[in-house]
Amino acid sequence: MVVFNLSMFRFWKRPSSNVGPGDLEIGLGGGYSSSLADDDVVIPHPPVAEDVPSELEAGIDPEAALENIAPHDLEAGHVTTHRWRRVRKLKRASVAFYQVVICQMLRRNRTGTVPDQALVHDDHQETEQSSNEASTSGGFGIGVDELVQLVKERSLEALNRYNGVHGLSNLLKTDLKVGIDRRDDEILLRRNAYGSNTYPCKKGKTFWYFLWRASQFSHLLVIMFAAVFFSLLRIKTKGILDGWYIEACIVLVTVFHIIAIAVAEYKQSCRFIKLTEEKRTVYLEVIRGGRRVRVSIYDIVVGDIVPLKNGCQVPADGVLFVANSLKVAEQEVTASDEIVQKDLQTNPFLLSGSKLIEGIGTMLVTSVGMNTEWGLKMEVSQKTDEEKPFQGYLKWLAISASWFVVLFASVACSIQVGGYFSGVTKKSDGTPMFIYGITTADEAIEFVITSLSFGIATIVVAVPVGLSIAVRLNFAKTTKKMRKDKVLVQSPSAFERMGSVTTILCHQTGIVTLNQMSVVDVWAGGIRMQDMDDVSQLPTFLKELIIEGIAQNTNGSVVFETGVTEPEVYGSPTEQAILNFGNKLGMKFDDARSASLVRHTIPFNPKKKYGGVALQLGTHAHVHWKGSAKTILSSCEGYMDGANNSRAINEQKRKSFEGTIENMSKEGLRCAALAYQPCELGSLPTITEPRNLVLLAIVGIKDPCRPGTRDAIQLCNSGSVKVCMVTDNDGLTAQAIAIECGILTDASGRNIRTGAQFRELSDLEREQIAGDILVFAQSSPNDNLLLVQALKKRGHIVAATGMGIHDPKTLREADVSLAMGVGGTAAAKENSDFIILDDNFATIVKCIIWSRSLYNNVQKSILFRLTVSVSALAVCVVEVVVYDAFPLNAVQFLLVNLIIDILGALALVYGPRSDHHLMGKPPVGIRDPLITKTMWSKMIIQVFYLVLSLVLINSEKLLKLKHGQTGNAEKMMNTLIFNSFVFYLVFNEFEIQSVDQTFKEVLRENMFLVTITSTIISQIIVIKFAGIFIDLKKWVTTSLLGLLSQVATRYPYPAIQYHRN
């Protein structure tokens, strides 16, 4: 027996001046250093070797060998007891090292060679490298860096070093047919080893950023400047503590506005980031455990097998091992506009983010997430600074109104001060307030300060600060409600355009219909079958041919689970329908696919509308074709009859087949045909197009209309929104579906055009007929783009839906773009304004309703805020100029400001949505002004009425109101003005809210009633403690004056909706 000669090796930390403290080195030698640092850990050197214990030859675990070695060293004093814990931590890292070294020793021992010290040193370096590789790949045969470099360089030489895709799959422990295991621990292991397929984004703006931005609004700065100026004047005359609460209230209200704006913006930013993450979630199929599983793109891991088809986006970097006529667009990744041809011989590498333009294939995932080229491009900050709806217009309005208020307040103060110094302003006894040489300087300064204070208070209350708060509250509420209605808002500015949409260009499949297809009508062997449960009538040979074609000429699959009677079918909805028909014929999917050998595949071509597969069956071959019934029939020269004979198709029989297809189409069925071509093995490589085919079956596929679609389309029609259905189906099929859904009312065909007919017209002819098209059949994405362009030239506001990879051009051209959340591709979602999460047409209509509702609420808020601002300004100016008095003090102004900006905004924002009323009128014009002539006229009437009320209050004889003793007469009159003004605001809210609702509906709104009640209670408290208490008669009188304001406004415009003319 050979005896081990153990020398020692040592782990130590490098000096911190060179590298980080966590770096470790391995030093080889026959002994130890004379001194050990506190962090030094000594563990045994690997055996150099003169003998191998019998236990190791018998296959004992090297880790157990390490356990046996360590205690002896402890007893020898090489590793102290208190350092054993550190040794335990390093033990796992050295296990791989020992495994390789001991195995090499065993191998050398068997061959009779004894390594010298140099060889041991080389072996040690090799095992160190192997240990590092094992640690980076998590136990797999290849590490992350090698996989990333493989696809990045796209080197076939590097791929061949791993023995191609099959060798690479062995290193990744992946079966190319079965895929990886579906167990959660297996997925977690791969995710820990190679990373997850996620793209970390930079964080959005912080709350402090929005707080700083909100504080920079110019109208808020005007108020703050006014408060500072007012404070300086007061300190100059009365001292610091006298009346300090007035400026404090002004600053408090302004700060509250800034915080409210910042909170609303910050919440919206967080919501937008969250919705962006939801938008990026795309579901696709992978092969795991021998079956197709639908997973999120974020759940893809290295080693996954991903089937690819025309129109999908590559979810991760990978290598192809199945490719049929595969063409890929990589411009978003490589910035190259060229379409790249992919094949297994010259270019099998796929980059994450590229899009499949044509063909089919299957890839092995090699890199995910931030280890891909696409991952690096996805690390961008979120766009949270986009202007909100109406923000530009309202910003201009607020700034203009602010300077307008400042101008009028300055004029009023100038008139007041000028009248004072000119002797026009009189005292109660009729003598001038200012007499040169008699009036003291302190009295004059006090009057000037009072006048300036009044002007500043007027600025504070009349500047429309609350407009931005009202709009933000409306927008936040609307987006939250839309999220519950399955709508994600990507572009806030699209709200303005969505409310003005006149035409919706909507895809049929998956939106108008359910995209849940099934075969309901079949012609085969001279027999027409509409009962799919009884297929025993078909001849055996014909049935075998149909099953052979269905099983082999498909991108889907059928999986039979143990203990489950019904198989699970995977693939596109059309594929699933045909595979289910094959199951009813008695198809055993796996047996049918293994019965013949696939020589080559002709992928389905969306333009030519057919696809095929060439099969070898012993010494002969079959080429099976599947596609549009008319296209396949045009290539058929024969058909299979009920006696398993192939018969030629004469002219009469061809018309009979065409009549069968037309009959199915009129019933709203999508018609497909199955055919085959028997041929010799030698001719298979030359067959790329269908010719001399034998017709096997004509299949009618039903895609039922979505429940609720007909009612939603009728609601669109009542709102003057035209629905145009675009589809790749035959004209007759599209017409039948359109009639079923309510888009068409008759079968005259005058509102139906095909893509081919439309593209052949001139630009002028397209513009002339575009507005009359309700069904756009057999259309391609380019045809849809032409239709959108023609509609826009005619002045239509177009909303277009998008699902496929070729739809982004149409989405970018449309005024409003709508992507589908379930059936939509990542390319469509990235180019859309809204994402419809449930792919339901009724949800699109809800999107229109919410956009119109937001527009109405913004108009209500503008009308209320501007009316009160102009009214307050008018009251102040008239009182100062005509009556030479200050009707409201600063506290009363601040209370009015609170009512306007806070309670008023809450009252008008949280009202219920009236669908029938919103969709009972035509859409507003995209270029019409936000403030209409009706709104201006209402505002003028309100101001005129308020001035008239002011005149009545100032005249005791008209209202027969006794203002009390002379000392309190002015205070009593100002209190009545203030009380009337507040009730005028309250009833103005009622008048605005009840425009599109009945009075009973208004009274059912809890938030509205709470805010109105809060306003009245606050007014009673203020009158009680901050003014002169008034009796019941005066309360009733001032309340009636407020109530009459509603009547005065409604009389010339009964029940007019606030919408653009």
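The structure displayed is predicted, hence computed values, not measured ones.

Caption draft 1: Spatial organisation of the sheet that holds strand β27 (residues 798-802). Spatially, eight strands are ordered β11-β29-β28-β27-β12-β24-β26-β25 in an open sheet, and the strand pairing comes out mixed. For this open sheet the edge positions go to β11 (487-489) and β25 (752-754), each flanked by a neighbour on one side alone. When the angles between neighbouring strand axes are averaged without regard to direction, this sheet yields 20°. The sheet contact formed by strand β12 (residues 503-507) and strand β24 (residues 722-726) spans five bridges and is parallel. By the bridge assignment for β24, T503 is matched with K722. Most of the contacts of helix α25 (residues 731-741) go to strand β26 (residues 775-777), to which it runs at about 150°, and overall it touches β24, β25 and β26.

Caption draft 2: Here's a closer look at unusual backbone geometry. Within the chain, K486 stands out as a residue other than glycine whose phi angle is a positive 70°. Looking at the element boundaries, K486 is found in the loop between α16 (466-484) and β11.

Caption draft 3: A look at the packing of helix α27 (residues 763-770) against helix α28 (residues 781-793). At their nearest, the axes of α27 and α28 sit 8 Å apart, and the two run at 75° to each other. When the axis of α27 is compared with that of α28, the two are roughly perpendicular. Listed contacts from α28 to R766, E767 and A770 of α27 are L786, L787, A790, L791 and K793. Looking at the contact of α27 with α28, its residues break down into five nonpolar, no polar and three charged.

Caption draft 4: Quick look at the packing of aromatic side chains. Scanning the model with the defined rule gives 17 aromatic pairs in all. Between F207 and W208, the aromatic rings sit 5.6 Å apart at their centres with planes inclined by 70°, giving edge-to-face as the arrangement. A relative accessible area of 63% places W208 in the exposed class. Aromatic side chains F495 and F834 sit 5.7 Å apart centroid to centroid with 80° between the ring planes, which places their arrangement in the edge-to-face category. Of the two residues, F495 is situated in helix α17 (residues 494-498) and F834 in strand β29 (residues 834-836); the sequence distance between them amounts to 339 residues. Each of the two residues, F495 as well as F834, counts as buried. What links up through ring pairs into an aromatic cluster is the set F207, W208, Y209, F210 and Y266. Sitting over the ring of F140, K173 keeps its end group 5.3 Å from the ring centre.

Caption draft 5: Inspection of α25 at higher detail. When you tally the buried positions in α25, you get eight out of 11 residues, the bulk of the element. Every buried residue of α25 is listed here: G731, T733, A734, Q735, A736, I737, A738 and C741. For α25, the N-terminal cap is D730; the gap from its side-chain oxygen to the backbone nitrogen of L732 is 2.9 Å.

Caption draft 6: The nonpolar core, seen in detail. Of all hydrophobic cores here, the largest spans 90 residues; its most connected members are M498, I504, L818, F834, F841, I844 and I862. Sort the elements by how many residues they give to this core and helix α31 (residues 841-881) lands first, with 19 residues. Excluding residues within four positions of it along the chain, L818 makes contact with M498, A799, A800, T801, G802, L811, S832, F834, I836 and I844. Grouped together as the second largest cluster of nonpolar side chains are 41 residues, L172, F321, L326 and L350 included.

Definitions and limits used
- Residues numbered from 1 in each chain as written.
- Predicted model: local features only at pLDDT ≥ 70, side-chain atom pairs only at ≥ 80, totals over all residues.
- Heavy atoms only, no water.
- Pairing = 2+ DSSP bridges.
- Helix = DSSP H or I, 4+ residues; strand = E, 2+ residues; numbered from the N terminus.
- Axes fitted to C-alpha atoms, helices over the stretch in contact; angles between N-to-C directions.
- Contact = heavy atoms within 4.5 Å.
- Parallel < 35°, antiparallel > 145°, perpendicular 65-115°, else oblique.
- Nonpolar A, V, L, I, M, F, W, Y, C, P; charged D, E, K, R; others polar.
- Phe/Tyr/Trp six-rings, centres within 6.5 Å; stacked < 30°, edge-to-face > 60°.
- Buried < 20%, exposed > 50% of the residue type's maximum accessible area, 1.4 Å probe, protein only.
- Lys NZ or Arg CZ within 6 Å of the ring centre and 35° of its normal.
- Polar contact = N/O pair within 3.5 Å; in protein donor to acceptor, adjacent residues only side chain to side chain.
- Core = buried A, V, L, I, M, F, W, Y, C linked by side-chain atoms within 4.5 Å.

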